[in-house]
Every structure is written in structure tokens, then in C-alpha cells.
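Next come the chains, spelled out residue by residue.
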Amino acid sequence: MTALSAPAPSAAPHLTRWLLRLHRPALYAWAALVLLTAVLLILLRGPFADAAAEGWRQYDSCGFSEKCAYDQGAILRYKDWYNYATLAAAAVPFLAGAWAGGALLGKELESGTARLSWTQSSTPVRWLTVRLATPAAVVGAGAALLAWLHHLAWAAGRGRIHSAKDWYDVGTFHTGGPVLVGLSLAGLAAGALAGLLVRRTLPALGLGVLLTGAIWGTVLVVLLPHLWPALGRSGRGDIEAPSGSWTVSQGGTADHHHVTYHPYAHYWPLQLTATAVLLAVTALLTLGCFLVLRRLTGRTAAR
């Protein structure tokens, strides 16, 4: 009778495998998004970029001639599909925040299945650890792939395509480096915290998106220009930043003007510094998740 009433440890479900099975539709949707965006970025790096560069070469060779034959369709195709790919990659952190808040935690807490799991198969800490670590690995890997391919696609057009985005363009900078990974993980942690705080599916989904947007705006809009020392110029007359630089501030009086800017050489320092800040935010949000869980479950969560 004792053997029947006390299940063996080996009978406990494997939490990671169960989590992947439970959220299989989301996993398939995520794989499709990454795959389709990756294919598009590969095309943008290769044939789309080559065709657009050739179109611009044809346009430049026309001079001021009224009869100019150039491949305008290739130029517009590269521009449009680059914007679509950038939008898809930029949406990843917000999708992670919405899913974590709504489906990953909010739905289970609202329905009561989380508490059932705590009493039958795992401790609350283990339950939350698996629900944070497994999606973080999946989301982080996909975001890293998209960021790498996006940077290659952008680099393929730099100096060849006149309409290519500048390195400091909001979409290009935020999706073309490790910043995308850091923001995606921060969005996931923010959504998880929203789910634990609200414990209702739709409100937690919305709060997860709002928190992700707040992180994005604070770190990558307000703080980003100041995360690495900017260069400056000053003097009489009109003072401008060097070509290809990101102008941070500009002004002065009638006799004296100044400008501060980030040259392209600051691209990677800004990327890495912003990523470090985002990972620190992710760590704080994760700590907040466990503190809220402890408040919800009491001493059970500490075991």
C-alpha cells in the first residue's frame, strides 16, 4: 500500500519535456517565424542586395540624362523587404513578453494548474526555473540567429546601396547585434513577472508588452546615446558631425557652435554596453519573479 500511495521519483514528469509539449503550438510558430525571417535575410544579403546595388550603379552611370534605364524594381524590393525583415526581428522581444505573460505563466496561474503542479510533481522554485530557463534558451538562440543574419544583410548593402539604412537607424541598430538577444530575454523576464503579478491571461499579456516597451524606450532610446563617451567638435560657423556619424546633440550661439556624435567605430561598444545593461535588467526581473513567487507560495517556494 505504501508503494502504491507514494510514487517513485522516476514517475514524476520531466518538466522541460512537458513544458515543450504543452506549448507546442507556440514552439512551431516561433520556429516558423525564425525560419521565414532567416530565409528573407539570406536573400537580402545575397541576390536582393546584389540586384539593388546593380540598380544603383546603373542609376549613377546615367548622370543627368533624361533617359535613364535602371532597375528601380530591384532597389525598391530590397528596401521593402529589408523593412519587413527588420520589423519581424524587432517584434521578437514584444512577442516574448506577451507570450510569457499570457500563455506561459498567466494562464496557468489563472486556471489553477500551477498550484496543482506544485503539490503533485514539483516545487514552485523548480516549476518557475524550468519555465524561465527553457524559453530563454529557445528565444535567445533564435534571436541570436536573426541578429547575426540581419547584420550580414545590412552590411551587404553598406556602401553599395544608396538607400541602405544608417548603422544608427533605430530598427537596424536594435536588430543587428546582441542588443536583440538582450532585449528578447528582458522581454521574456518582464512577461513572466507580469504573469506572476497579475495572474490573469489577457491582462498579463498586455502588461508584459507594456513592460517590454518601457525597457526598450528607457535603455535603447533614452540611455543608449550616453552608454559610451561621445566625441565632439566646436568652433565658429556651422559645425557638423563627420559623414556616417550619429549626431547626439548640436547647438551653440551665434559665434560658437558645437556637436557631439558617435562615429561608426562606436557601433560595437554601444551594442555590447547596451546588451550588458539589458542583461542586468533581465537578472533583476528574474529575481523579482522568484520574490513574487515566494510571496505567493510562502515557505513552499523556498524549498
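Before reading on, note that the structure itself is shown above.
Everything numeric in this text was worked out from a predicted model, so none of it was measured.

(A) Main features of the sheet that holds strand β2 (residues 246-252). Sheet architecture is open: three strands sit in the order β1-β3-β2, paired in antiparallel fashion. Both outer strands of the open sheet, β1 (231-235) and β2, are each paired with one neighbouring strand and no more. Strand-to-strand, the axes of this sheet are offset by a mean angle of 15°, without reference to chain direction. The pairing of β2 with strand β3 (residues 257-262) spans six bridges and is classified as antiparallel. If you follow Gly252 over to β3, its bridge partner there is His257.

(B) Seen up close, the nonpolar core. Core analysis: the biggest nonpolar cluster contains 67 residues, and Leu44, Tyr78, Leu128, Leu196 and Ile215 have the highest contact counts within it. Ignoring any residue separated from it by four or fewer positions in sequence, one finds Leu44 in contact with Ala49, Tyr78, Trp81, Tyr82, Ala85 and Ala153.

(C) The arrangement of the packing of helix α2 (residues 15-22) against helix α8 (residues 124-157) in detail. Where α2 contacts α8, the axes come no closer than 10 Å and their chain directions differ by 60°. As far as their axial angle goes, α8 and α2 are oblique. As α2 packs across α8, the resulting crossing turns out to be right-handed. Each of Leu15, Thr16, Trp18, Leu19 and Leu20 in α2 lies in contact with α8, whose residues at this interface are Arg126, Trp127, Val130, Arg131, Thr134 and Pro135. By residue class, the composition of the contact of α2 with α8 is seven nonpolar, two polar and two charged.

(D) Focus on the side chain of His262. Along the chain, His262 turns up in strand β3. Only 2.8 Å separates the side chain of His262 from the backbone oxygen of Pro225, close enough to count as a polar contact. Those residues in contact with His262 that lie beyond four places of it in its chain are Trp167, Pro225, Trp228, Pro229, Ala230, Ser245, Trp246, Val248 and Leu270.

(E) The pattern of salt bridges, seen in detail. Applying the stated rule across the entire model yields three salt bridges. For Asp50, the salt bridge is made with Arg160, and the minimal N-O distance between the two is 3.0 Å. Pair noted here: Asp50 is in helix α4 (residues 47-61) and Arg160 is in the loop between α8 and α9 (170-175), with a separation of 110 residues, a long-range link. Among the residues examined, Asp50 registers a relative accessible area of 40% and is labelled partly exposed. On the basis of relative accessible area, Arg160 is assigned to the partly exposed category, the value being 35%.

Conventions used here
- Residues numbered from 1 in each chain as written.
- Predicted model: local features only at pLDDT ≥ 70, side-chain atom pairs only at ≥ 80, totals over all residues.
- Heavy atoms only, no water.
- Pairing = 2+ DSSP bridges.
- Helix = DSSP H or I, 4+ residues; strand = E, 2+ residues; numbered from the N terminus.
- Axes fitted to C-alpha atoms, helices over the stretch in contact; angles between N-to-C directions.
- Core = buried A, V, L, I, M, F, W, Y, C linked by side-chain atoms within 4.5 Å.
- Buried < 20%, exposed > 50% of the residue type's maximum accessible area, 1.4 Å probe, protein only.
- Contact = heavy atoms within 4.5 Å.
- Parallel < 35°, antiparallel > 145°, perpendicular 65-115°, else oblique.
- Left-handed = near helix turned anticlockwise from the far one by under 90°.
- Nonpolar A, V, L, I, M, F, W, Y, C, P; charged D, E, K, R; others polar.
- Polar contact = N/O pair within 3.5 Å; in protein donor to acceptor, adjacent residues only side chain to side chain.
- Salt bridge = Lys/Arg side-chain N within 4 Å of Asp/Glu carboxyl O.

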